Amino acid sequence: MNTNCEGIFYITTPIYYVNAKPHLGHAYTTIVADVAYRFNKMKNNSAFFLTGTDEHGDKVVKAAQKEKMTTKEYVDYISGLFQNLWPDLNVDYSKFIRTTDPSHMKTVSVILQKIYDSGDIYFSEYEGLYCFGCERFYTERELVDGVCPDHGTKPEIIKESNYFFKMSDYQDWLIDHIKNNPSFIRPERYRNEVLSFLKDPLEDLCISRPKSRLTWGISLPFDDNYVTYVWFDALINYISALGYPDGKNFEMYWPKAQHIVAKDILKPHGIYWPIMLKAAGIPVYQHLNVHGYWNVDNSKMSKSIGNVVDPLKLKDIYGIEAFRYFLMREMTFGLDADFNEAALIQRINSDLANDLGNLVSRSLTMAQKYFEGVVPDVSDIENDFSIKKAAMQTIENYDACMKDFAFNKALSFVWDFISHMNRYIDSSAPWELAKNSDKSDILKGVIYNLLEGLRILGGLIYPIMPQSSEKMLSLLKESPGNFNALSWGQLKAGTKLEKTITLFPRIDKKKSQKDRQKQPKHVKKLSNLKPEISFEDFQKIDLRVGRVLAAEKIEDSKKLLKLQVDIGEIRTIVAGISRHYSPDDMIDKKVVVAANLKPAQLMGITSEGMVLAAVKKKKCSVITPDQQVSVGTPVQ
Ligand code: MSP
């Protein structure tokens, strides 16, 4: 394996269970991974970012049954929700893996066989306390007052023959590895937690489930009567996604692997996974980065309690950039944090609108006023270097914190610099300097320093708020994404600046609360809702994106237009939209077509589909995709 991997970075999130929809917790971990990924790309590192979904096991089968779907339909549906969510959160992953991907399943078999062949998997009868919620056996010691610590239910006694993985043989090796590599599990509290767990003898891990109880899993390659335990399957995603054993990505990225997880899954990642790797003869990962839990309004956020926050709703209300900033600023990586709306509004108003937003608008307004929006030339004047010094120190501190996953500290250094700049404006008082022509060089220097400071700030916020960074830098005719550009003095004299814009509007707390109070009105029950249909029935409708090639009025009809629509094949469609759209309005329009509707005769013409439109009373609006998509694309 290539060990010369300077400048390489591989980051993963947990692959999320598909037994529940995505929520704030998933969003946080994935945004952290995205921030780390963008930071590394900005540093010109070759970076790979993996996320995905964990789709096997009993819980998934039960969740599908509850939704009256087949297991396959259900996993496709929930995995799709995760895949659709990430772009909305500005998450830019390199690969999305699913444990139902055939290539992943093949790799799991290869590893199982390898470990079995080396003698670390054995068959034995076992009687133990089994928690169906966790899909695993518990020892008496692990239970809290006789019940499962996660589910609060009493485990059932189960006796069955199963395959076991000899974890106990690797206990001493793992303790040594953790002790010799202090940042293997970080922050330190979680390293200590794992070491303290390893003080007691490690039990072997039951890694099979008989098919009589569960078939939705990967068959053991050496015994077809069993499927493998979900964790043994899921953890392997981190290498199957790279094409283990022969993939180029595996060779390149695996030596630099870093995982991000929350404290709930510390044990599988801190104990099972390194031992599995060791037993399979694969080098272990570099770092396990463990964060704490988000609570919402000071109460535990859990699927069973049902107070899961829908991240999409939050981002729609406050904007994704502010949402990402809040998550990164508010949680000390490793500790729990509380999510509440008031704190989010406070951060937006104070940090974003007030501190950063005002700094940008004050600086650019002064540059417009005193230098007609052109960056002044300071090459032949003696400039004050205090801002330069503060900027360089900020970059150094930021860099060290970002590498260490101390995002809130990194941001706190950035905001110290913002305050420094705001104070600099007040103390140098450019409006006074402008009154005195003897001080024009000093004024030039101050404005240059402010603009250069903004350029550096715009670069530093990029991993956390990529869109705001881009907007901010575009005002200076710059673009983000290159850490090397953050050295002092790169802003070119003579650059014509853009007029300032409001980067972060203030939130009116009262109005936002009022809007919230109004919400019940919007969510009142629909009185004319059609009877419920199953997901299966819905899936029967084949909707496609089409482009209207030709359109004409149908004689003798006030309502109907005859359309020729390209949906990958040409269809004649009669649409009742003539009162709202002229033929010219429709030509070249992208539309959504129900493509497998039985043809119908309308005014003597065979209509081979239906164009979708929002229709209410006398209004009619044809549905059209809001982005460029090719004809024939399925709509789901
Ligand atoms: N499928 C396993 C992971 C297998 S990885 C090989 C799993 N999935 S999960 O859907 O339950 O996701 C757990 C992860 O979601 C946590 O480790 C964390 O990343 C995220 N979070 C879930 N709830 C959370 C909070 N309340 N707060 C922060 N993150 C949380 O476990």
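Residues numbered from 1 in each chain as written. Predicted model: local features only at pLDDT ≥ 70, side-chain atom pairs only at ≥ 80, totals over all residues. Heavy atoms only, no water.

*Asks:* Can you walk me through the pattern of salt bridges in this structure?
*Replies:* As a working rule, side chains carrying opposite charge can pair if their charged atoms are close by. The tally for this structure, following the rule as stated, stands at 25 salt bridges. For Arg-547, the salt bridge goes to Asp-588, with nearest N and O atoms at 2.3 Å. Of this pair, Arg-547 sits in strand β17 (residues 543-553) while Asp-588 sits in the loop between α21 (583-586) and β20 (590-594), placing them 41 residues apart in sequence. Residue class for Arg-547 comes out partly exposed when judged on its relative accessible area of 29%. One salt bridge connects Arg-571 with Glu-569, and the closest N-O pair in it is separated by 2.9 Å. Three or more residues are tied together by salt bridges with common partners; here these are Glu-55, Lys-72, Asp-76 and Arg-98. (Salt bridge = Lys/Arg side-chain N within 4 Å of Asp/Glu carboxyl O. Helix = DSSP H or I, 4+ residues; strand = E, 2+ residues; numbered from the N terminus. Buried < 20%, exposed > 50% of the residue type's maximum accessible area, 1.4 Å probe, protein only.)

*Asks:* I keep staring at the pairing of strand β12 (residues 257-262) and nothing clicks. Help me out?
*Replies:* Each regular strand shows side chains that alternate between the opposite faces of the sheet. The buried fraction of β12 amounts to six of the six residues, a majority that puts the element mostly inside the structure. Bridge count for strand β1 (residues 8-17) against β12 is three bridges, and the pairing is parallel. Within β12, the residue paired with Tyr-10 across the bridge is Ala-257. Across five bridges, β12 lies against strand β13 (residues 287-291) in parallel orientation. Across the sheet, Val-261 pairs through a bridge with Val-290, a residue of β13. The handedness of the β12 to β13 crossover, carried by helix α10 (residues 266-279), is right-handed. (Pairing = 2+ DSSP bridges. Right-handed = clockwise from strand over helix to strand, strands pointing away.)

*Asks:* Quick question: what am I supposed to make of the site of the ligand here?
*Replies:* For the ligand, the set of nearby residues contains 24 residues, the closest of which are Ile-15, Thr-29, Asp-54, Asp-264 and Trp-294. In this structure, a nitrogen atom belonging to the ligand sits 2.7 Å away from a side-chain N or O atom of Asp-54. For the ligand, a nitrogen atom lies 2.9 Å from a polar atom in the backbone of Trp-294. Computed on the free molecule, the ligand has an accessible area of 680 Å², of which 97% lies beneath the protein chains in the complex. Mapped by element, the contributors of at least two residues to the shell around the ligand are β1, α1 (24-42), α7 (230-235) and α8 (237-240). Here the element with the most residues in the shell around the ligand is β1; it accounts for four residues. Broken down by class, the residue content of the shell around the ligand amounts to 13 nonpolar, eight polar and three charged. (Near = heavy atom within 4 Å. Polar contact = N/O pair within 3.5 Å; in protein donor to acceptor, adjacent residues only side chain to side chain. Areas by Shrake-Rupley, 256 points an atom, 1.4 Å probe, with all protein chains shown as cover. Nonpolar A, V, L, I, M, F, W, Y, C, P; charged D, E, K, R; others polar.)

*Asks:* Explain unusual backbone geometry here, please?
*Replies:* Excluding glycine, residues mostly carry a negative phi; peptide bonds, for their part, are mostly trans. The omega angle of the peptide bond from Arg-186 to Pro-187 is -5°, so this bond is cis rather than trans. Mapped onto the secondary structure, Pro-187 falls in the loop between β7 (185-186) and α6 (188-197). Here the bond from Tyr-244 into Pro-245 is cis, since omega is 0°, no more than 30 degrees from zero. Tracing the sequence through the fold places Pro-245 in the loop between α8 and α9 (248-253). Although it is not a glycine, Glu-372 adopts a positive phi angle of roughly 50°. Within the element layout of this structure, Glu-372 appears in the loop between α13 (341-371) and α14 (386-403). The phi torsion at Ala-429 lies on the positive side, around 40°, for a residue other than glycine. Position of Ala-429 relative to the elements: it lies in the loop between α15 (407-428) and α16 (430-433). Overall, Ala-429 belongs to the buried group, its relative accessible area being 12%.

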